[in-house]
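Structural features, examined
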Amino acid sequence: TAPPDELVVDDLTVVYGRSIQALTSVTLRAPVGGIVALLGANGAGKSTLLRAVSGTLPLHTGSIAGGTIHFGERPLTSLPPADVVAAGVVQVPEGRRVFSELSVEENLRAGLLGTPALRRPAARDAVDRIFGLFPVLAERRRQSAGLLSGGEQQMLALGRALMAGPRMLLLDEPSLGLAPQIVERIAQIVRDIHAQGTGVLLVEQNAALALELSDHAYVLDVGRIRLDGPSDELSCSDDIRRLYLGEQ
Ligand code: ATP
């Protein structure tokens, strides 16, 4: 079994339907004390890996065909999403999905659905903590989430994931479609989240950003881990510079 305080994916194979194999024998570790990045081109299988961990694969007709996922001693393999959240592992959904008809505050409270804190004063504390992290959301607490800018919706999606007090956050493409200035703010927030003791597994197409933020990185290539290593070493690797950092 895995040591405590670590997300361990071991020899994981994932299929969609009967025949599309999206991941083949993937092994990786993400400790609670770190930020781990998962790089790879379009279709490499990055989102698939996060879905496998968060238990949302069945929503996409996917399933685990082999291998295991543990968080510390706890097996997460093929658990339903609510049980994965209860184990302390929370995914920020792809495409920064928010409930656009609900207010900002209602969206945050939705992050406590299925947890005992939902009705307690603890819920108020959790909302206040998130507003402390994202003051711009506090200013708009009663506004419909659909009226927020793209960057604000990303903050709301992040804030909602943080409501349940996760030990490990799974982040799918937080920079996608955002202006550089906003990307820098999101990056700072990821650093803050990590500094407050939450591990981060970060999926990013923006390899430069991912390598800057993370301690360790894995490169996925057509469903297999091609290489991994400390992020500062990978950012010096000729292959990485050529393939993922857009250099000649
Ligand atoms: P992107 O950055 O484009 O999202 P990704 O690295 O996250 O890429 P995945 O979305 O995990 O890649 O896709 C991995 C492979 O699985 C791709 O070949 C993709 O076409 C396939 N795939 C993804 N979702 C499904 C699905 N619901 N049904 C069938 N095949 C799928």
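Residues numbered from 1 in each chain as written. Predicted model: local features only at pLDDT ≥ 70, side-chain atom pairs only at ≥ 80, totals over all residues. Heavy atoms only, no water.

Within an unreviewed UniProt entry, the label attached to the protein chain reads ABC transporter ATP-binding protein, and the organism entered is Yinghuangia soli. We quote the UniProt Sequence similarities (unreviewed entry) comment for the protein chain here in full: "Belongs to the ABC transporter superfamily." (UniProt positions renumbered as here; feature names shortened; annotations may be inferred.)

Checked against the element boundaries, Gln-91 lands in strand β6 (residues 89-92). Among the polar contacts made by the side chain of Gln-91, one reaches the side chain of Ser-54 at a distance of 2.5 Å. In contact with Gln-91, not counting residues within four places along its chain, are Leu-50, Arg-51, Ser-54, Thr-56, Ala-161, Leu-170 and Asp-172. (Helix = DSSP H or I, 4+ residues; strand = E, 2+ residues; numbered from the N terminus. Polar contact = N/O pair within 3.5 Å; in protein donor to acceptor, adjacent residues only side chain to side chain. Contact = heavy atoms within 4.5 Å.)

Attention now moves to the site of the ligand. Lining the immediate surroundings of the ligand are 15 residues, of which Asn-42, Gly-43, Lys-46, Ser-47 and Thr-48 lie closest. Lys-46 places a main-chain nitrogen or oxygen 2.8 Å from an oxygen atom of the ligand. Take Thr-48: an N or O atom from its side chain is 2.5 Å from an oxygen atom of the ligand. When the ligand is considered free in solution it has 630 Å² of accessible area, and contact with the protein chains removes 66% of it. Among the secondary structure elements, those contributing two or more residues to the shell around the ligand are β2 (20-31) and α1 (46-54). Here the shell around the ligand takes 4 residues from α1, the largest share from any one element. Within the shell around the ligand, the residues separate by chemical class into 5 nonpolar, 7 polar and 3 charged. (Near = heavy atom within 4 Å. Areas by Shrake-Rupley, 256 points an atom, 1.4 Å probe, with all protein chains shown as cover. Nonpolar A, V, L, I, M, F, W, Y, C, P; charged D, E, K, R; others polar.)

The subject of this paragraph is the sheet that holds strand β8 (residues 199-203). Judged by pairing direction, the sheet is mixed, and its 6 strands sit side by side in the order β6-β7-β8-β3-β9-β10 without closing on themselves. Only two strands of the sheet have a single partner each, and these edge strands are β6 and β10 (224-230). Sheet twist, expressed as the average angle between the axes of neighbouring strands with direction ignored, equals 15°. Along the sheet face, helix α6 (residues 150-163) touches β6 and β7 (168-172) and points at about 165° away from the line of β6. (Pairing = 2+ DSSP bridges. Axes fitted to C-alpha atoms, helices over the stretch in contact; angles between N-to-C directions.)

Moving on to the pairing of strand β4 (residues 62-71). Direction of pairing for strand β1 (residues 6-16) relative to β4: antiparallel, over a ladder of 8 bridges. Directly across from Val-15, in β4, lies its bridge partner Ser-63. Sheet topology places β4 next to strand β5 (residues 74-75); 2 bridges connect them, and they run antiparallel. Of the residues in β5, the one forming a bridge with His-70 is Pro-75. Counted along the chain from β4 to the antiparallel partner β5, the turn is 2 residues long, and its residue Gly-72 has a positive phi close to 60°.

The subject of this paragraph is unusual backbone geometry. The phi dihedral of Ser-25 is positive, around 50°, even though this residue is not glycine. With a relative accessible area of 39%, Ser-25 lands in the partly exposed category. With phi around 50°, Glu-173 is a residue other than glycine that occupies positive phi space. On the secondary structure map, Glu-173 appears in the loop between β7 and α7 (180-195). With relative accessibility at 13%, the residue Glu-173 sits in the buried group. (Buried < 20%, exposed > 50% of the residue type's maximum accessible area, 1.4 Å probe, protein only.)

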